[in-house]
Amino acid sequence: MELATTLKGQTVQNKVREIGINPGYWYPVYWADQLKVGQVVPVTLWQQSIAVYRDVGGKPHALENACPHKGVELHKGQVQDDRLVCPYHGWEFNSAGECVNIPYFPSDQKLPCANARSYPTEERYGMIWVFPGDPALVPLRQIPEVPEYADSDCLMIPITGIFNAHFSISNENTMDVFHGFLHKNLQGWFDPALLNLQQTDDSVQADYRVSYRGTLIKFLGLSADDNGVTTRTVSIHYQYPHYHSTMEGVSSLYLMRLPVGPNETRSFTLLFLPKVRLPAWVQNLVKPILIPLVRRFLFMRFLEQDIEMMESEQRIFRQDPQRRYVEVNPAILALQRVLVRQYEQFVQQSSQLEHPSQLEHRYTETETQPFKESFVATASE
Ligand code: FES
Ligand SMILES: [Fe+2]
């Protein structure tokens, strides 16, 4: 649906700061190269603790981070072959979460049915992805496409972002090109204008016109007019729950979001600079120097300013959740509608599933629990 691009004051629906996630999507939880063979690590995805491990064959798996015996965190255990072994009594769980051995249990008796929830897990684009929702939805949901990842001539810079803020706040920061004001001392963009805006049930597409001046545009290989100014279009595509934004073939930025909980969001970012195209052998030589430099002096300086704003926004919201806020950018309001709609759709579908006969064949009792808890936690905060 095409939306008007006129800036107009509207009151923000504060519930966007209280909503939970729609878990029926893939979420990144860890950088793949940081998870070694035989290693197990704890991650948190919307208040659910998950033990992510790489088996001896190199395949990643994710199990609920609580032993079905007494609840000890499974990430404190060890990987053996494709199994995770709890450190307390040595119960062993396969990648489906089934208890397949209890070291002291009589071998002629059937093992008790004691399963840890397992999550569909994938490794792609240098990240480990977990699907926390109904596994029946997996065939319908794709991990976002990152075509530049296969282009070895493109300079790729992976960046981790950690924000003490609700995911709606960090998502709005990315959609909000009007905050170039914040970055003026870094020669950020100026004169922003919203050109096009489209929204669907699960996406927002916004095109902005922005101008740049200074040394940054030289580094990016942009030519300037007589006044030293270059004007470009920035296209921002939010496809729930992740982002892709491009600046006319100059840069391509993927922001894969990990909502940790109501007060924390992480970002697994891939920044591609196709303009800095270098032959693979040159790249391999300069990459170890260039990547940290771009990360530190190009990206992180902007991100640190953003983080300060996002965390400030979150603190003040928590102090007074009833305070009224005014927004003028229709792209932000469109994004808020998508976030709220996705959560409400999930709540609605879950409540339909709460009929016992429907639940029986889709979840076990333990599997439904984290989502019920997350509703309660969100609603009561
Ligand atoms: S608590 Fe895990 S084996 Fe006993
Ligand atoms: Fe910013």
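Residues numbered from 1 in each chain as written. Chains lettered and ligands numbered in written order. Predicted model: local features only at pLDDT ≥ 70, side-chain atom pairs only at ≥ 80, totals over all residues. Heavy atoms only, no water.

A closer look at the overall build of the protein
Item 1. When its secondary structure is counted, the protein shows six helices and 20 strands.
Item 2. What you see for the protein is a C-alpha radius of gyration of 23 Å, in line with the 21 Å of a compact globule of 381 residues.
Item 3. Projected onto the principal axes, the alpha-carbon positions of the protein cover approximately 85 × 55 × 35 Å.
Item 4. Per-residue burial for the protein yields a buried fraction of 49% across its 381 residues.
Item 5. Taking the intrachain contacts of the protein between residues at least 6 apart in sequence as the baseline, contacts between residues at least 24 apart amount to 62%.
Item 6. When the accessible surface of the protein is split by element, carbon and sulfur atoms take 53% of a total near 18,200 Å². (Helix = DSSP H or I, 4+ residues; strand = E, 2+ residues; numbered from the N terminus. Rg over C-alpha atoms; globule rule 2.2 N^0.38 Å. Buried < 20%, exposed > 50% of the residue type's maximum accessible area, 1.4 Å probe, protein only. Contact = heavy atoms within 4.5 Å. Areas by Shrake-Rupley, 256 points an atom, 1.4 Å probe, with all protein chains shown as cover.)

What to know about the sheet that holds strand β6 (residues 78-80)
Item 1. Spatially, the four strands line up as an open sheet ordered β6-β7-β8-β9, and their pairing is antiparallel. Two strands close off the open sheet at either side, each with one partner strand: β6 and β9 (99-101). (Pairing = 2+ DSSP bridges.)

Considerations on the nonpolar core
Item 1. Ranked by internal contacts, the top residues of the largest apolar core, which has 84 residues, are L45, V52, M175 and Y238.
Item 2. For this core, the leading source of residues is helix α3 (residues 280-319), giving nine residues.
Item 3. Split by domain, this core shows at least three residues from each of two domains, domain 1 (27-132) and domain 2 (147-324). (Core = buried A, V, L, I, M, F, W, Y, C linked by side-chain atoms within 4.5 Å. Domains from an automatic or database assignment.)

Comments concerning the pattern of salt bridges
Item 1. Here the structure, examined in full by the defined rule, presents 14 salt bridges.
Item 2. With a closest N to O distance of 3.3 Å, E313 and R17 form a salt bridge. Of this pair, E313 sits in helix α3 while R17 sits in the loop between β1 (10-11) and β2 (27-31), and the two are 296 residues apart along the sequence.
Item 3. Classification of E313 as partly exposed rests on a relative accessible area of 34%.
Item 4. Note that R83 and E92 form a salt bridge whose closest N and O atoms lie 2.1 Å from each other. When sorted by exposure, R83 lands in the same class as E92, which is buried. (Salt bridge = Lys/Arg side-chain N within 4 Å of Asp/Glu carboxyl O.)

Comments concerning the coordination of the iron ion (ligand 2)
Item 1. Surrounding the iron ion (ligand 2) are the protein donor atoms H179 (NE2), H183 (NE2), D306 (OD) and D306 (OD), which sit 2.1 to 2.3 Å from the metal.
Item 2. Around the iron ion (ligand 2), the four donor atoms are arranged such that angles at the metal cover 57 to 135 degrees; this shape is classified as irregular.
Item 3. Mapped onto the polypeptide sequence, the residues donating to the iron ion (ligand 2) form the spacing pattern H-x3-H-x122-D. With H179 in the loop between α1 (167-175) and β14 (190-199) and D306 in helix α3, this pair connects stretches of sequence that are 127 residues apart. (Donors = N, O, S within 2.8 Å, 3.2 Å for Na, K, Ca; no water. Tetrahedral: all angles 85-135°; square planar, octahedral: opposite > 155°, others 65-115°.)

A closer look at the domain arrangement of the protein
Item 1. When cut into domains, the protein gives domain 1 (27-132) and domain 2 (147-324).
Item 2. Here domain 1 and domain 2 have C-alpha centroids that lie 34 Å from each other.
Item 3. With 13 residues of domain 1 at the contact, the number on the domain 2 side is 19 residues.
Item 4. For the domain 1 face of the interface with domain 2, the top three residues by lost area are Y27, W31 and W46, together amounting to 46%. (Buried area = accessible area lost by both parts, 1.4 Å probe.)

Examining unusual backbone geometry
For residues besides glycine, phi is generally negative; the peptide bonds are generally trans as well.
Item 1. Cis geometry marks the peptide bond from Y240 to P241, where omega comes out at 0 degrees.
Item 2. Position of P241 among the secondary structure elements: in the loop between β16 (229-239) and β17 (242-247).
Item 3. Residues other than glycine seldom take positive phi values, yet W46 does so here, at roughly 40 degrees.
Item 4. Topologically, W46 is positioned in the loop between β3 (40-45) and β4 (48-54).
Item 5. Residue W46 is classed as buried on the basis of its relative accessible area, which comes to 2%.
Item 6. Of note in the backbone geometry, Q47 takes a positive phi value of approximately 70 degrees without being a glycine.
Item 7. Tracing the sequence through the fold places Q47 in the loop between β3 and β4.
Item 8. Residue classification places Q47 among the partly exposed residues on the basis of a relative accessible area of 36%.

What about a nonpolar patch on the surface?
Item 1. On the surface, L7, V326 and V328 cluster together into a nonpolar patch covering about 270 Å² of accessible area.
Item 2. You can see V326 is positioned in strand β20 (residues 326-327). (Patch = residues over 30% accessible without salt bridge, like charges linked within 9 Å, V, L, I, M, F, W, Y side chains within 5 Å.)

Considering the sheet that holds strand β10 (residues 118-119)
Item 1. Spatially, four strands are ordered β3-β4-β5-β10 in an open sheet, and the strand pairing comes out antiparallel. If you trace the sheet from one side to the other, it starts and ends with β3 and β10, each paired once.

A short note on the packing of α1 against helix α4 (residues 330-353)
The relative placement of two packed helices comes down to the angle between their axes together with the axis-to-axis distance.
Item 1. For the pair α1 and α4, interaxial distance at closest approach is 10 Å and the crossing angle is 145 degrees. Handedness of the crossing formed by α1 with α4: right-handed. In this structure, α1 contributes F167, S168, N171, E172 and M175 to the contact, and α4 contributes A331, I332, L335, Q336 and L339.
Item 2. Of the residues belonging to the contact of α1 with α4, the class tally is six nonpolar, three polar and one charged. (Axes fitted to C-alpha atoms, helices over the stretch in contact; angles between N-to-C directions. Left-handed = near helix turned anticlockwise from the far one by under 90°. Nonpolar A, V, L, I, M, F, W, Y, C, P; charged D, E, K, R; others polar.)

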